[in-house]
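The lines below spell out each chain.
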Amino acid sequence: MTPSSAPRAEIVVDLAALRHNVTVLRELVGEGVAMMTVVKADGYGHGLLESAAAARAAGAAWLGVATIDEALALRAGGDTGRVLCWLGVPGEDYAAAIEADVDVTAYSVAELDEIRMAVVAVGRPARVQLKVDTGLSRGGATLRAWPDVVAEARAGEDARIWSVTGIWSHLACSDEPDHPANDAQETAFREALAVAGSAGLDPEVRHLANSAAAILRPSARFDLVRCGIASYGLDPAPGRTPDLGLVPAMTARARLAVVKPVAAGAGVSYGHTWVAGHDTTVALVPVGYADGVPRHASNRAEVWVAGRRRPVRGRVCMDQLVVDLEGDAAAAGDPVVLFGTGVSGEPTAQDWAEASDTISYEIVTRIGGRMTRRHVDTAPDSLRGAP
Ligand SMILES: *Cc1c(COP(=O)(O)O)cnc(C)c1O
């Protein structure tokens, strides 16, 4: 047999879907609200630079990343637009961020002091955003520390060390729109903005909303929304989001390694956690937890083979998993889709999340390992190259 050009296992990312989703979200929030597409974690597993370029083409004025390294990778890849990063540790290379024209986030006076030293070293002012903790209890200045952070930020602005370009916070329960924490955090954010305003800060952008809040909570949109998961076509608040026509951009697929009969009574995969109740046909899918397939999906998830969903039988192994073809004909080498858009009936990343007791974010960001990744563009002309 000659080698096949189809890979053993691959991730296919449709950039047209990404552009479409960013366009849908921009239209939803309206002209007065800037769009930040969040491309941290390798674009949620979709590819940092490819996702960034698609988001820019669809009108994202900002890109958001967690680390300075991710921001620098965007610059190295040729992105010249506004980029915000927000997660540092002491000793972070702020000088590199300033030189690369990246907006950095400070949570504390100590971080502002580090940024000031970097400004002095680089010899040009920084762009700094301030994050206030309004109730997530993760990063950000506590409300108690906030007046000091604001005063320091204002003093640095007066001294032309930096300009404060944004003030922002992050919600804990945006995927549960009726949760009382949403109102409480929005109120705390407005109070924090008032404190900053009284101290003389007038930032370019104030922002609070991630995907779920951008869609479900118009009052939280302020000047800018930070959309991650919805840009990739996945539902940020399953069961609560209106149908916006978002299209999942990622398909995870492979080729069947083996197809063979197993007899009634045969145990399948490690631990024999599934035993064939009757004679059947099983297929071996050549991906496992080393490729980011959750082991927790053992005996629970489904894949798409020969026009139907097929259950995973037994445990997901490091390199492989077994599915039940229930007697239908498929051959070694045939395609298998783990998850995709769902339009043909194939499982989605959301289905895998539910089978694995997690969220779709984790499914798409962890899938990979030895799988190759390929970008395609299925755009009808109407979606191509939005504004
Ligand atoms: C990851 C992240 C986002 C994006 O959240 P989604 O729910 O994916 O839209 C927004 N803001 C911050 C601070 C984040 O860390």
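Quick notes on the rules
Residues numbered from 1 in each chain as written. Predicted model: local features only at pLDDT ≥ 70, side-chain atom pairs only at ≥ 80, totals over all residues. Heavy atoms only, no water. UniProt positions renumbered as here; feature names shortened; annotations may be inferred. Pairing = 2+ DSSP bridges. Helix = DSSP H or I, 4+ residues; strand = E, 2+ residues; numbered from the N terminus. Axes fitted to C-alpha atoms, helices over the stretch in contact; angles between N-to-C directions. Contact = heavy atoms within 4.5 Å. Buried < 20%, exposed > 50% of the residue type's maximum accessible area, 1.4 Å probe, protein only. Polar contact = N/O pair within 3.5 Å; in protein donor to acceptor, adjacent residues only side chain to side chain.

- An unreviewed UniProt entry annotates the protein chain as Alanine racemase originating from Nocardioides luti.
- Looking at the Cofactor (unreviewed entry) heading of the UniProt record, one finds this comment for the protein chain: "pyridoxal 5'-phosphate".
- The Sequence similarities (unreviewed entry) field of the UniProt record for the protein chain holds the comment "Belongs to the alanine racemase family."

Looking at the sheet that holds strand S11 (residues 258-262)
Here is step 1 of the chain: Read across the sheet, nine strands follow the order S11-S14-S17-S16-S15-S18-S10-S1-S19 without closing on themselves; strand pairing throughout is mixed. Lying at the two open borders of the sheet, with one neighbouring strand each, are S11 and strand S19 (372-376). For this sheet, the mean inter-axis angle between neighbouring strands, taken without regard to orientation, is 35°.
Here is step 2 of the chain: Of the strand pairs in this sheet, strand S10 (residues 250-255) and strand S18 (residues 335-339) are connected by four bridges, and their pairing is antiparallel. Residue Ala252 lies in a different strand from S18, and its bridge partner there is Phe339.
Here is step 3 of the chain: In the packing of helix H1 (residues 15-29) onto the sheet, contacts are made with strand S1 (9-14) and S19, and the angle to S1 comes to roughly 40°.

A word on the environment of Val305
Here is step 1 of the chain: Among the secondary structure elements, Val305 is positioned in strand S15 (residues 302-305).
Here is step 2 of the chain: Among the residues examined, Val305 registers a relative accessible area of 1% and is labelled buried.
Here is step 3 of the chain: Separated by 25 residues in sequence, Val305 and Ala330 have C-alpha atoms that sit 7.6 Å apart.
Here is step 4 of the chain: The contacts of Val305, once residues within four sequence positions are left out, are Leu256, Arg310, Leu325, Ala330, Pro335 and Val336.

What about the environment of Arg190?
Here is step 1 of the chain: Relative to the elements of secondary structure, Arg190 occurs in helix H8 (residues 180-198).
Here is step 2 of the chain: Arg190 sits in the partly exposed class, given a relative accessible area of 42%.
Here is step 3 of the chain: Sequence separation of Arg190 and Arg19 is 171 residues, and the distance between their C-alpha atoms is 32 Å.
Here is step 4 of the chain: Other than its neighbours up to four places away in sequence, Arg190 contacts Ser219 and Phe222.
Here is step 5 of the chain: A distance of 3.1 Å separates a polar atom in the side chain of Arg190 from the backbone oxygen of Ser219.

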